[in-house]
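For reference, the chains in residue letters:
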Amino acid sequence: MNEPKIIALYLPQFHPTPDNDEWWGKGFTEWTNVGKAKALFPGHYQPKVPADLGYYDLRLPEVREQQAQLAREAGVYGFCYYHYWFGHGKQELELPFKEVLESGKPDFPFMLCWANESWHAKFWDKDGKASSKKMLIEQKYDDDDIDPHFYHLLPAFKDPRYIKIDGCPAFMIYHPDEMPDPGKFINRWQELARQNGLPGLTFMAYLDQFITPETIKNREDYGVKYEVVTRLQEQWYKYRGFFTRIQRGVIRKIGWPSLRRYKDYMQYLIGDECRDENVIPCVLPNWDHTPRSGRRGMVLLDSTPDLFQQHLDHAIDMVENKKNPLIFLKAWNEWGEGNYVEPDLKYGHGYLDAIRRALDSCKKQ
């Protein structure tokens, strides 16, 4: 079998920015939410405290080098940096990747995921329901912005570290369905890529709902070659029957978030559609959104490195006969959502070691 390539989604939120200072207070980063998180019920693993790298600042090149070294030792193939482009040059959190690109360090494969969604500040009522939200930055899609966006990223596409599929730089669009005309955008970028010495681009869509081969076939008009699938969101709501809604209402009243066991959810996170060459499974080490959303959060309980390895083994089985045996990991460092594999005080290198064991095991087959 071809050796699986694990690409980890990477959040660049761990450094101050002028806008975050204005919205949330001087010095705000994702660590602000992570550090103040509290256990909301008996046995709730919060706060989660980083180990080897501490509460790092991504402005430091030493931190980025250490992250790449940890990933390399675990067998992670590369990082997929979230890219925020709201239109006409308006960006957020661009500094870490900008320095990675300009410095040439770390020498570690990368690609980009355009996180194309507006940012809001949400306000909640006493029952935990979103009562209103304030627009912070609107995601815009203007035709005259398509070319400047491409040329902004062209140096990245031409970087020798950039991850390629079938010889073409890979670019993920987080929400293609929110674009007014994704086909127009993709076709224009393909044209610009060829005009600038590239054979083209390999586009991916990140989809967090339930996917079947039929729905993938129906998306061919987008020209999206690969779909990256995590089924957490849809499977969560699958259980929202009458009695489940009552149960959740009671839980919310007493101040508990929505709870599910990681062990039970593993069976839903990857489906047979992931055997398709154009579908990439996405593995999830854990989920706990309460550092960001408190009692309104969702929590997967009792994730362990051993259970995560079983989950990853399942994904590896799905890709073993593929030409491009890719697996996405959500995520490398989403501490505020509880889906990270960086070392923490409870498990140490446990999740990284699980990746290494899973990859070593498939080499022996």
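Here, every reference points to the structure presented above.
The structure displayed is predicted, hence computed values, not measured ones. Counting starts from 1 at the beginning of each chain's written sequence and moves along it residue by residue. Under the rules for a predicted model, residues below a pLDDT of 70 receive no local features and side-chain atom pairs below 80 are neither given nor counted, while totals for whole chains, interfaces and linings still include all residues. Computation of side-chain values: all heavy atoms of the structure, hydrogens and water removed.

### Here we look at the pattern of salt bridges
Going by this rule: Salt bridges are defined by distance alone: a side-chain nitrogen of Lys or Arg within 4 Å of a carboxyl oxygen of Asp or Glu.
Counted under the stated rule, the structure contains 19 salt bridges. By sharing partners, the salt bridges in this structure join Glu30, Arg292, Lys330, Glu334 and Glu337 into a single network.

### Examining the layout of surface pockets
Applied cut-off: Here the term cavity refers to a set of points on a 1 Å grid, laid over the protein atoms alone, in which a 1.4 Å probe fits but cannot get out; the term pocket refers to an open set having protein on both sides within 12 Å along at least five of seven lines, with lining residues being those that place an atom within 4 Å of a point. Grid points are joined across faces, edges and corners, and a volume is the space filled by probe spheres set on the points. Strands are runs of DSSP state E lasting at least two residues, helices are runs of H or I lasting at least four, and both sets are numbered from the N terminus onward. For this scheme, ten residues count as nonpolar: Ala, Val, Leu, Ile, Met, Phe, Trp, Tyr, Cys and Pro. Four count as charged, namely Asp, Glu, Lys and Arg, and the remainder, Gly too, count as polar.
As a volume, the second largest pocket reaches approximately 260 Å³. In terms of lining, the second largest pocket is formed by 17 residues, of which the most central are Gln91, Glu94, Phe97, Lys98 and His152. For the lining of the second largest pocket, the secondary-structure elements that each account for two or more residues are β2 (78–87), β3 (90–92), α4 (95–103) and α5 (146–157). Class assignment of the residues belonging to the lining of the second largest pocket gives a composition of ten nonpolar, three polar and four charged.

### Notes on unusual backbone geometry
Using the following cut-off: When a residue's accessible area, from a 1.4 Å probe over protein chains only, is under 20% of the maximum for its type it is buried; when over 50% it is exposed; and in between it is partly exposed.
Put simply, Gln46 and Pro47 share a cis peptide bond, and its omega is -5°. Looking at the element boundaries, Pro47 is found in the loop between α2 (30–36) and α3 (61–74). Ala331 follows Lys330 through a cis peptide bond whose omega is 15°. Among the secondary structure elements, Ala331 is positioned in the loop between β14 (326–329) and β15 (333–334). A positive phi angle is found at His88, which is not glycine, with a value near 55°. Positionally, His88 belongs in the loop between β2 and β3. Taking relative accessible area as the criterion, His88 reaches 48% and is therefore assigned partly exposed. Phi at Asp166 takes a positive value of approximately 55°, unusual for a residue other than glycine. Its location among the elements puts Asp166 in the loop between β7 (164–165) and β8 (168–173). For Asp166, a relative accessible area of 37% gives the class partly exposed.

### Things to note about the environment of Ser103
Keep this limit in mind: In the analysis that follows, any N or O atom pair within 3.5 Å is treated as a polar contact, provided that within protein one partner can donate a hydrogen and the other can accept it, and provided that, for residues neighboring in sequence, both atoms belong to side chains.
Turning to its location among the elements, Ser103 is positioned in helix α4. The exposure class assigned to Ser103 is partly exposed, which follows from its relative accessible area of 42%. Distance in space between the C-alpha atoms of Ser103 and Pro61 is 9.2 Å, their sequence separation being 42 residues. Within the structure, Ser103 has its side chain in polar contact with the backbone oxygen of Glu99 (distance 2.6 Å). Within the local environment of Ser103, its side chain forms a polar contact with the backbone nitrogen of Lys105, the two atoms lying 3.1 Å apart.

### Examining the side chain of Asn20
With respect to the helices and strands, Asn20 occurs in helix α1 (residues 18–24). Among the residues examined, Asn20 registers a relative accessible area of 2% and is labelled buried.

### Quick look at the nonpolar core
Stated precisely, the cut-off is as follows: Each nonpolar core is a collection of buried residues, namely Ala, Val, Leu, Ile, Met, Phe, Trp, Tyr and Cys, held together in the definition by side-chain atoms within 4.5 Å.
In this structure, Met111, Phe171, Trp189, Phe328 and Trp332 are the most contacted members of the largest nonpolar core, which totals 100 residues. Within the second largest apolar cluster, five residues are counted, among which are Leu40, Phe41, Leu259 and Leu301.

### Things to note about helix α13 (residues 350–363)
To be explicit about the condition: A helix's residues, less one, multiplied by 1.5 Å, set its expected span. Pairs of residues are marked as contacts when any of their non-hydrogen atoms sit within 4.5 Å.
Spanning 14 residues, α13 covers 20 Å between terminal C-alpha atoms, matching the ideal 20 Å at 1.5 Å per step. For α13, the elements touching its buried residues are β1 (5–10), α3, α12 (305–319) and β14.

### A closer look at the packing of aromatic side chains
Going by this rule: Aromatic rings from Phe, Tyr and Trp, taking only the six-membered ring of Trp, are treated as a pair when their centres fall within 6.5 Å; an angle between ring planes under 30 degrees marks them as stacked, one over 60 as edge-to-face, and anything in between as tilted. For a lysine, the NZ atom is tested; for an arginine, the CZ atom; a charge sits over a ring if that atom is within 6 Å of the ring centre and within 35 degrees of the ring normal.
The tally for this structure, following the rule as stated, stands at 37 aromatic pairs. The interplanar angle of 40° and the centroid separation of 6.1 Å between the aromatic rings of Trp24 and Phe28 together place this pair among those described as tilted. A relative accessible area of 44% places Trp24 in the partly exposed class. On the numbers, 6.2 Å between centres and 90° between planes, the contact of Phe171 with Phe203 is edge-to-face. In this pair, Phe171 is assigned in strand β8 and Phe203 in strand β9 (residues 202–207), connecting sequence segments 32 residues apart. A relative accessible area of 1% places Phe203 in the buried class. When the ring centre of Tyr45 is taken as reference, the NZ or CZ atom of Lys346 above it lies at 4.6 Å.

### Some words on the pairing of β8
In the case of a regular strand, side chains alternate between the two sheet surfaces. This is how it is decided: Strand pairing is defined by DSSP finding a minimum of two bridges between the two strands. Throughout, right-handed denotes a crossover for which the path from the first strand over the helix to the second runs clockwise when the strands point away from the viewer.
The element β8 is extensively covered by neighbouring structure, given that six of its six residues are classed as buried. The pairing of β7 with β8 spans two bridges and is classified as antiparallel. Within β8, the position partnered with Ile165 by the bridge is Cys168. Remark: two residues form the turn of the hairpin made by β7 and β8, two consecutive strands paired antiparallel; Asp166 in that turn has positive phi of roughly 55°. In this structure, β8 lies alongside β9, joined through four bridges in parallel fashion. Among the inter-strand pairings, Phe171 is bridged to a residue of β9, identified as Phe203. Following the chain from β8 across helix α6 (residues 182–195) to the adjacent parallel β9, one finds a crossover that is right-handed.

### Considering α6
The end-to-end C-alpha separation of α6 is 20 Å, in line with the 20 Å expected for 14 residues at 1.5 Å each. Every buried residue belonging to α6 is among Pro182, Gly183, Phe185, Ile186, Trp189, Gln190, Leu192 and Ala193, and all of these are buried. A positive phi of about 85° marks Gly197, the residue just after α6.

### What about the packing of α5 against α6?
Keep this limit in mind: Helix axes are fitted to C-alpha atoms over the stretch in contact, other axes to C-alpha atoms as well, and angles between N-to-C directions run from 0 to 180 degrees. We call two directions roughly parallel when the angle between them is under 35 degrees, roughly antiparallel when it is over 145, roughly perpendicular when it lies between 65 and 115, and oblique otherwise. Each crossing gets its hand from how the near helix is turned against the far one by less than a right angle, where anticlockwise is left-handed and clockwise is right-handed.
Viewed as axis vectors pointing N to C, α5 and α6 meet at an angle of 50°, and their least axial separation amounts to 10 Å. It follows that α5 is oblique to α6 by the angle criterion. The hand of the α5/α6 crossing is right-handed. Facing Ile146, Asp147, His149, Phe150, Tyr151, Leu153 and Phe157 of α5, the residues of α6 in contact are Phe185, Arg188, Trp189, Leu192 and Ala193. A per-class count over the contact of α5 with α6 returns nine nonpolar, one polar and two charged.

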